[in-house]
Structures are given as structure tokens and as C-alpha cells.
Amino acid sequence: MEPLGLGIALIALFVGFGTFIGILFGFFGMGGSFLVTPALLVLGYPAPAAVGSGLAFVFGTSVIGALRRRDHGQVSYPLATVMALGTTLGVEVGARVVFLLEDLGSADLVISVVYVGFLGAVGLFVLRDARTGGTDVGTIEVTPRVPAIELPPMLSLPGGGTVSVWVVLVVGSAIGVLSGWLGVGGGFPLLPVMTYGFGVPGAIAAGTSSLQIVASGAFGTFVYAQSNAVDVPVVTALLAGSALGARIGAGATRLVGEGDFTGCFAGMLLAGGVATASKRASVVYGVETLGTTSAVLVSGTAALVGGTIVHASIDALRKNREHGPPLTR
């Protein structure tokens, strides 16, 4: 049993980390699930506990996002229901893979390697988007590009088109496997599929994604909790911090532009991949310095980007007050 002081310090660390994760989530609309599981892996948590706790965190944050989108009428309940059926099935498969790897003694290695590639790919995608001035997915309307597979039953979509229920189930299952295996929400791959593939308007795609993540996240949390692979105190601390951070991040969007920091966000994701690789190298080769470096990278970059956003927002607020419109009499 760890000393009380150490336990309190660790919880305080997770509250602080959760606050910065919340700032990123509130500002960019993504980022939390990408970093929580790698951070736990870097801190030495077993892969099942890292993935299970990551899913529990995703579930908690997605509830807030789904409620907000619901209030604005940005949820397609039929699409979310069918998608959730597929993702819950996929989560079960992904979780079974994790526990099988754990029994074989290779879960930490395999999941760490996959995360290095995953964070690297997402980071490069975001960096490319930042350099090319990519358009916000929530503001565009597109024509569906999924080949017409008219296999009944068909599901009517908010964009005016239709899609086979079986296509939605297959897509949901694939994303569910990713969620159950890596502890991520799956919103990053799901949003472009619904928007560019099914032709669903961006805002409704985001709301529908949030709602199905609630269902798949809840199921994934239940599956991992049955094997005691969810660290409740850690998840609670992360959620407490992220609840505060999300409000700060959302408020910052009214003061500074997201595009000014997208490159920093991409760099943070790439640093998360490097941190995960460094942790594995420290375990394999017994180099303690690499383990310390990995912890500094994953927490320091999140704090740096989140702190930069807050500093820029405060600076913008101060300038607005100094150079605001004159008072009228």
C-alpha cells in the first residue's frame, strides 16, 4: 500500500493533467482520449488498466458533449442507435484481444507499439491540416462518397440520403474494436466517415458521434470493470480536472483562434508517441532516464500547449479591455 502523502500527490497530479486535457478538449474538440491511455502506460499502469481507465474517462467526457449537442438538436438518434450497436460489439472484441494479449504477456508491448503509430499518424494528419488551412468539419456540407450499397434495411440520414444499416454496423464494429483495444472514443475516425462518407452535416455528425461514444464508452467501462481494470480514483481525478479545463478551453475559443495552435496540438500528439516509445525502450533496456523523459514529455507537452492557450486568451482579454470601444453617454 502506497503512503497517504504519495497517494494524494498522485491524485493531485491527475487532477492537474485532467485540467490540461480538458482545456485541449474544450478548445480543439478532441485530444482527451488520445493522451489519457498513453499517459497511464507511461506511468507504468498495466495495459488493461490503462485502456479500461481511458474508456471510463471517454465515457465521462462524452456525456457532457452529448448533452450539449442534444440541446442544440445536433443528434441523429436512429443513426446513433445503429452505430452504437456496432461499436458495442466491436468494443467487446477489442477488449477480448487486450485480455488475450495480457494472458500472453505481450499486452503492454503491443498496445504501446500501436499507440506510437496511432499518435504519430494522427499528429501528422493534424499537422498537415494546420499547414494547408483545413476547414472545420463542423462547418461544411458534403456529398456522400460511400458506394451505393442498397442492402435493406435502409436508414434515412439527416443529410437527405440513405445508407444500409449493415454498412453502419460494419463501420461501427470496426471503430468499436479500435475503442476497446486502445481505450479511445473513436470520434476521430468516425467524424470523417459520417461527414464525408455518409453525407451527414458536420454538426450533426459530431453530436451523433458523442452520443454513440456514451453507449460504447459505458459498455467498455463495464467490460473492463468486471476484470478490475478501471482505476476509479484516477478516472475521477481526471474527470474533475477536465470538467474545469473544458470550460476554460471552450471560453478560450471566443478569444483566440484554434488555427493558431493546431500546429502545437499536432506536436503534442507526436510527443505523446515519442513518450510511449521511450517508456517501452526504458522497460526493454532498463534505462531509467528514458522512463523519466517519457513522463516529462507526455505531461509537459500537454501542460505547455494548454498553458499557452490560457496565456494567449488572458493576453487577448487584456488587449480587448484596453482597446475596447469607448463608453457611450
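Residues numbered from 1 in each chain as written. Predicted model: local features only at pLDDT ≥ 70, side-chain atom pairs only at ≥ 80, totals over all residues. Heavy atoms only, no water.

- Per an unreviewed UniProt entry, the protein carries the name Probable membrane transporter protein and comes from Halorarum salinum.

**As for the UniProt feature "transmembrane region" (unreviewed entry) in the protein**
Then, in step 1: UniProt marks residues 7–29, 49–67, 79–101, 107–127, 163–184 and 204–225 with the feature "transmembrane region" (unreviewed entry), using the numbering shown here.
Then, in step 2: Helix makes up 82% of residues 163–184 and strand makes up 9%, while its end C-alpha atoms are separated by 26 Å. (UniProt positions renumbered as here; feature names shortened; annotations may be inferred. Helix = DSSP H or I, 4+ residues; strand = E, 2+ residues; numbered from the N terminus.)

**Some points on a nonpolar patch on the surface**
Then, in step 1: Together, Val283, Val284, Tyr285, Val287 and Leu290 make up an exposed nonpolar region whose accessible area comes to about 460 Å².
Then, in step 2: Of all the elements, helix 10 (residues 262–285) adds the most residues to the nonpolar patch, at 3 residues.
Then, in step 3: In this structure, Val284 sits in helix 10.
Then, in step 4: Look at Val284 and you get exposed, because its relative accessible area is 53%. (Patch = residues over 30% accessible without salt bridge, like charges linked within 9 Å, V, L, I, M, F, W, Y side chains within 5 Å. Areas by Shrake-Rupley, 256 points an atom, 1.4 Å probe, with all protein chains shown as cover. Salt bridge = Lys/Arg side-chain N within 4 Å of Asp/Glu carboxyl O. Buried < 20%, exposed > 50% of the residue type's maximum accessible area, 1.4 Å probe, protein only.)

**A word on the confidence of the model for the protein**
Then, in step 1: Counting all residues, the mean pLDDT for the protein is 82, and 89% of those residues have values of 70 or more.
Then, in step 2: Note on residues 135–143: pLDDT is under 50 here. Beyond four places in sequence and across chains, it has 13 contacts.
Then, in step 3: Contacts of residues 325–329 to residues separated by more than four positions or lying in other chains number 0 contacts, the stretch itself having pLDDT below 50. (pLDDT = per-residue confidence, 0-100. Contact = heavy atoms within 4.5 Å.)

**Some details on the nonpolar core**
Then, in step 1: Judged by nonpolar contacts, the single largest core of 54 residues is most densely connected at Leu35, Ile111, Tyr115, Tyr224, Leu269 and Ile309.
Then, in step 2: Counting residues in hydrophobic clusters, the runner-up holds 17 residues, among them Met83, Val167, Val168 and Ala205. (Core = buried A, V, L, I, M, F, W, Y, C linked by side-chain atoms within 4.5 Å.)

**A closer look at the packing of helix 4 (residues 77–103) against helix 6 (residues 165–182)**
The axes of two packed helices give the description: the angle between them and the distance between them.
Then, in step 1: Viewed as axis vectors pointing N to C, helix 4 and helix 6 meet at an angle of 35°, and their least axial separation amounts to 5 Å. Considering the relative orientation of helix 4 and helix 6, their crossing is right-handed.
Then, in step 2: Its residues assigned to classes, the contact of helix 4 with helix 6 comprises 17 nonpolar, 9 polar and no charged. (Axes fitted to C-alpha atoms, helices over the stretch in contact; angles between N-to-C directions. Left-handed = near helix turned anticlockwise from the far one by under 90°. Nonpolar A, V, L, I, M, F, W, Y, C, P; charged D, E, K, R; others polar.)

**Quick word on the pattern of salt bridges**
Then, in step 1: Counted under the stated rule, the structure contains 3 salt bridges.
Then, in step 2: For Arg96, the salt bridge goes to Glu92, with nearest N and O atoms at 2.8 Å. With Arg96 and Glu92 both in helix 4, this residue pair falls 4 residues apart, about one helical turn.
Then, in step 3: Here Arg318 and Asp315 are joined by a salt bridge, their closest N and O atoms 2.5 Å apart. Of this pair, Arg318 and Asp315 are both found in helix 11 (residues 288–322), 3 residues apart, which corresponds to roughly one turn of the helix.
Then, in step 4: A relative accessible area of 40% places Arg318 in the partly exposed class.

**Considering helix 4**
Then, in step 1: Its 27 residues place the ends of helix 4 38 Å apart at the C-alpha level, agreeing with the 39 Å of an ideal helix rising 1.5 Å per residue.
Then, in step 2: One or two residues past the end of helix 4 sits Gly105, with phi positive at roughly 80°. (Expected span 1.5 Å × (residues − 1).)

**Examining the side chain of Ser278**
Then, in step 1: Positionally, Ser278 belongs in helix 10.
Then, in step 2: We classify Ser278 as buried; its relative accessible area is 12%.
Then, in step 3: Discounting residues that sit within four places of it in the chain, Ser278 has contacts with Leu290 and Ser294.

**So, the packing of helix 3 (residues 47–71) against helix 9 (residues 232–252)**
Then, in step 1: Contact pair helix 3 / helix 9: the axes reach a minimum separation of 10 Å and the direction vectors enclose 35°. The hand of the helix 3/helix 9 crossing is right-handed. Taking contact as the criterion, the partners of Ser53, Ala56, Phe57, Gly60 and Thr61 in helix 3 are, on helix 9, Val235, Leu238, Leu239 and Ser242.
Then, in step 2: Taken together, the residues that form the contact of helix 3 with helix 9 break down as 5 nonpolar, 4 polar and no charged.

**Here's the deal with the environment of Gly291**
Then, in step 1: Topologically, Gly291 is positioned in helix 11.
Then, in step 2: Judged by relative accessible area, which is 14%, Gly291 ranks as buried.

**Considerations on the packing of aromatic side chains**
Then, in step 1: One pass over the full model with this rule turns up 3 aromatic pairs.
Then, in step 2: Between Phe99 and Tyr224, the aromatic rings sit 5.2 Å apart at their centres with planes inclined by 40°, giving tilted as the arrangement. Taken together, the residues Phe99 in helix 4 and Tyr224 in helix 8 (residues 202–225) connect sequence positions 125 residues apart.
Then, in step 3: Assessed through its relative accessible area of 0%, Tyr224 is described here as buried.
Then, in step 4: Geometrically, the ring pair formed by Tyr115 and Phe118 is edge-to-face, given 6.0 Å between the ring centres and 80° between the ring planes. Linking Tyr115 with Phe118, this pair stays in helix 5 (residues 107–132), spanning 3 residues, or about one helical turn. (Phe/Tyr/Trp six-rings, centres within 6.5 Å; stacked < 30°, edge-to-face > 60°.)

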